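# Report on the structure
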Amino acid sequence: MPVLLAPEQAPTLYELLAEANTIGLDCKPVDTSNESSPHIQGLGSLNSATSAEISFLSNPKLRSQLAGCAAAAVIMTAADYEALEPGSGSYRVVLCSQPYLMYALLAQWFDQRRMSRLETGIHATAIIAPSAQLADDVSIGPYCVIEDGVRIGQGTRLGAHCVIGANSVLGKDCLLHARVTLYHNVSVGDRAILHSGSVLGADGFGFAPDPHNVAGAWAKIAQIGGVLLGNDVEIGANTTVDRGALENTLVGNGVKLDNQIMIGHNVQIGDHTAMAACVGVAGSTIIGQRCTIAGAAMLSGHLVLGDDVHVSGGTAVTSNISTPGRYTGVYPFAEHTQWQRNAAVLSQLAQLRRRLRAMEKTHSNQ
């Protein structure tokens, strides 16, 4: 990738490793020469990194790429270091048991430097209600709208055209990219990242049959709950989290939601659960902690998924899952009652197979 810092801004390798947030992660440079520590301007892949960048090896299958790597330094495990052939490259080696995590932490360091160079303060075109409370070091971009009773924590940054609805709360050090919308009574914890087009607090899909005027008509159920996000949550572009009908929709600490995800009203998502793009979660479903939901999976409403449940891409979950593990299922659609009959048979296929084999064995022995 392109270098991220000018030469005069680039730290030495040792300074970079000391400044990055690597608490609890083992990290040890290996001196391969008496030359001075190289200055690091950015990060790059093994194939593309230049002599001003640091790279990483997290998959032993890619060891062959080390031979042509031109990076200033490469992060790798001790096992990969021991497998290096003599003269494989001029780069410095940084030993780490988790190179991929180390790369993520260094990427954060460089991105924080990028953010520190952005313009700060409150843009003249922003519209801020007199009753709103803005802490120190808050940055408000062009044409933002902040309504009555809003509270924004220290160090939080809003990109252009964000809208923060009445009585909503943003914690400390949040980053809202351009055109994020929070409806009224939405609470966001510290260090959240909300990407462009995300909408928190839109009405949940709630309607009651109302045949008084015309057959098939619907009466809207006003959604009077809110949305509550924990700390360290990231929400992708054009993802929506609906407000609750009566209680809040809850998103736990450390939850990561990819782009174009739909979270229905009154859903509860446990801490550190992650969902890939285009997942849909219907209303009132409860998802446990540390779950992963792969792309385009669909979860029906009023379900309960326990902790450590992992749902494969495209899977349709239509019943509770209480046992940790991975769950996968794709089935062609049909008329509903026929689908139910077919699904009942399908769930017994393994048992039917065993019975058939037993019958065949019995028949062959006669």
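This write-up is about the structure you can find in this document. (Residues numbered from 1 in each chain as written. Predicted model: local features only at pLDDT ≥ 70, side-chain atom pairs only at ≥ 80, totals over all residues. Heavy atoms only, no water.)

### A look at the environment of Gly244
With respect to the helices and strands, Gly244 occurs in the loop between β23 (240-242) and β24 (249-251). Gly244 gets classed as buried once you look at its relative accessible area, which sits at 0%. Put simply, Gly244 and Gly226 are 18 residues apart on the chain and 5.4 Å apart in space, counted from C-alpha to C-alpha. If sequence neighbours within four positions are ignored, Gly244 has contacts with Gln223, Ile224, Gly225, Gly226, Thr249, His265 and Asn266. (Helix = DSSP H or I, 4+ residues; strand = E, 2+ residues; numbered from the N terminus. Buried < 20%, exposed > 50% of the residue type's maximum accessible area, 1.4 Å probe, protein only. Contact = heavy atoms within 4.5 Å.)

### Side note on helix α3 (residues 99-116)
An ideal rise of 1.5 Å per residue puts 26 Å on 18 residues; α3 measures up with 26 Å between its terminal C-alpha atoms. Within α3 the residues assigned to the buried category are Pro99, Met102, Leu105, Leu106, Trp109, Phe110 and Met115. In this structure, the buried residues of α3 make contact with α1 (13-19), β2 (42-43), β3 (53-56), β4 (73-76), β11 (157-158) and β14 (175-176). (Expected span 1.5 Å × (residues − 1).)

### Some words on the side chain of Arg92
Inspection of the secondary structure assignment puts Arg92 in strand β5 (residues 92-95). At 3.4 Å, the side chain of Arg92 and the side chain of Tyr14 are in polar contact. (Polar contact = N/O pair within 3.5 Å; in protein donor to acceptor, adjacent residues only side chain to side chain.)

### What to know about the packing of aromatic side chains
Counting across every chain of the model gives five aromatic pairs. Judged by centre distance (5.9 Å) and plane angle (55°), the rings of Phe56 and Tyr100 are tilted. Taken as a pair, Phe56 in strand β3 and Tyr100 in helix α3 lie far apart in primary sequence, 44 residues in all. Under the relative-accessibility criterion, Tyr100 is labelled exposed at 54%. Their ring planes at 15° and their centres at 4.3 Å tell us that Phe56 and Tyr103 sit as a pair that is stacked. Of this pair, Phe56 sits in strand β3 while Tyr103 sits in helix α3, placing them 47 residues apart in sequence. For Phe56, a relative accessible area of 18% gives the class buried. Of the aromatic side chains, those joined through ring pairs into one cluster are Phe56, Tyr100 and Tyr103. (Phe/Tyr/Trp six-rings, centres within 6.5 Å; stacked < 30°, edge-to-face > 60°.)

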